[in-house]
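Read off the chains here:
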Amino acid sequence: MTITRKRGFGRVAALAAVAGLVLTGCVNNESDSTPSATATGAAVVDEAARAMLPADVRDSGTLVIGTNLTYAPDEFKKPDGTPTGWGIDLVTALSARLGLEADLRDSQFDNIIPGVKGGKYDVGWASFTDTLERQDSVDFVDYYNAGIQWASRAGETVDPDNACGLTIAVGTGTYQETEELPAKSKACVAAGKEPLKLLKLDTQGDITNAVVLGRADAMSADSPVTQYAVAQTDGKLQLAGDIFDAAPFGMATAKGSEMTPALQAALQSMIDDGTYLAILKEWGVEAGAVDTATINGGTS
């Protein structure tokens, strides 16, 4: 984003199974029918990882997490306002692994990384793509692999590689808005064609609805989000093309902070004992699972 979010991985075959809410009109991503992981090992404290935490965080008993609850199925809200999503389940379990309670604070997406840099949040967790640009501002502990995928109205063919002149709905501040679509638009102009028209919106529900209602020809988002949106629209949307530009999702921490290796160790503990994969499987997004928790693994 120039704090971008490419909110990407390999194909997720089971997302339709967790869609739960089948809508006949507009889309509401705040379903209460999605699962809530209660993996067996989630409450096990890794004392070695806990000892690595900054002392003030360890003593506080809480992990203050900046997030953006608009991005189903990763991070969003149930109708009663309760945070949910596979990312929320994962960071809640990660907090417990460190002997801490997750203090989830909903924020505008663009404000989270500055909040991490300024000490407002201990961790930024909002399906951030780990990019070299972002690594200038924060460190990342990578926890997932994702990619970009488009969707269009059912029956209308849209090619992400040949979309000149079309209107594309996209999240404000996302990688798609700041990197992917401008590059595609520039290529259109260079070829003597009409540029892309970007319809920038703040929530994924609004983005999906824009395509359903014909305000946009297509949407671009991370693959699990796009597939989840398609599954919720009762046949009104379809996937447009394959997944591309795979990259890691990372949790953001202050540059050089003791928090970074502590989170890495706790996440690796969850990977090793199966807690991590159990959470992803409960949401049907295990195709993006990683075997090793890495730091600053983004390369683009």
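Our subject is the structure listed above.
Below is a summary of the structure that appears in this document. Predicted model, so just to flag it, every value in this text is computed and none were measured.

1. Comments concerning the state of the cysteines
Under the criterion given, the structure shown has one disulfide. One disulfide in the model links C164 with C188; its S-S distance is 2.0 Å. The S-S bond linking C164 to C188 shows a torsion near -90°; that makes this disulfide left-handed. Placement of the pair is C164 in the loop between β6 (138-153) and β7 (167-171) and C188 in helix α6 (residues 175-190), with a sequence separation of 24 residues. Since its relative accessible area comes to 6%, C188 is described here as buried.

2. Looking at the pattern of salt bridges
What the rule picks out here adds up to seven salt bridges. The closest approach of N and O atoms between D273 and R97, which form a salt bridge, is 2.9 Å. Taken together, the residues span a long stretch of sequence, with D273 in helix α9 (residues 259-273) and R97 in helix α3 (residues 86-97) at a distance of 176 residues. The partly exposed category is assigned to D273, whose relative accessible area is 42%. R97 gets classed as buried once you look at its relative accessible area, which sits at 1%. One salt bridge connects E177 with K200, and the closest N-O pair in it is separated by 3.3 Å. Placement of E177 in helix α6 and of K200 in strand β8 (residues 197-201) is noted, with a sequence separation of 23 residues between them.

3. Brief notes about the side chain of E180
Here E180 shows up in helix α6. Relative accessible area serves as the criterion here: at 4%, E180 is assigned to the buried category. With near-sequence residues (within four places) excluded, E180 lies in contact with I148, W150, Y175, S220 and F244.

4. Here's the deal with the nonpolar core
Counting 37 residues, the largest nonpolar core has W86, Y143, Y144, M251, L263, L267 and Y276 as its most contacted members. Counting only elements with at least two residues in this core, the list comes to β1 (62-67), α3, β6, β10 (237-254), α9 and α10 (275-283). The biggest single contributor to this core is α9, with seven residues. Filtering out sequence-adjacent residues up to four positions away, L263 remains in contact with L63, L94, L98, V123, V141, M251 and T253.

5. Some remarks on helix α8 (residues 223-232)
With nine of its ten residues buried, α8 lies for the most part within the structure. When α8 is considered as a whole, its buried residues turn out to be S223, P224, V225, T226, Q227, Y228, A229, V230 and Q232. Lining the buried residues of α8 we find β2 (76-77), β6, α7 (204-212), β9 (218-222) and β10. Immediately downstream of α8, the backbone of D234 shows phi near 55°, a positive value.

Conventions we followed
Residues numbered from 1 in each chain as written. Predicted model: local features only at pLDDT ≥ 70, side-chain atom pairs only at ≥ 80, totals over all residues. Heavy atoms only, no water. Disulfide = S-S within 2.5 Å. Helix = DSSP H or I, 4+ residues; strand = E, 2+ residues; numbered from the N terminus. Buried < 20%, exposed > 50% of the residue type's maximum accessible area, 1.4 Å probe, protein only. Salt bridge = Lys/Arg side-chain N within 4 Å of Asp/Glu carboxyl O. Contact = heavy atoms within 4.5 Å. Core = buried A, V, L, I, M, F, W, Y, C linked by side-chain atoms within 4.5 Å.

By themselves, these are just geometric observations and shouldn't be taken as functional.
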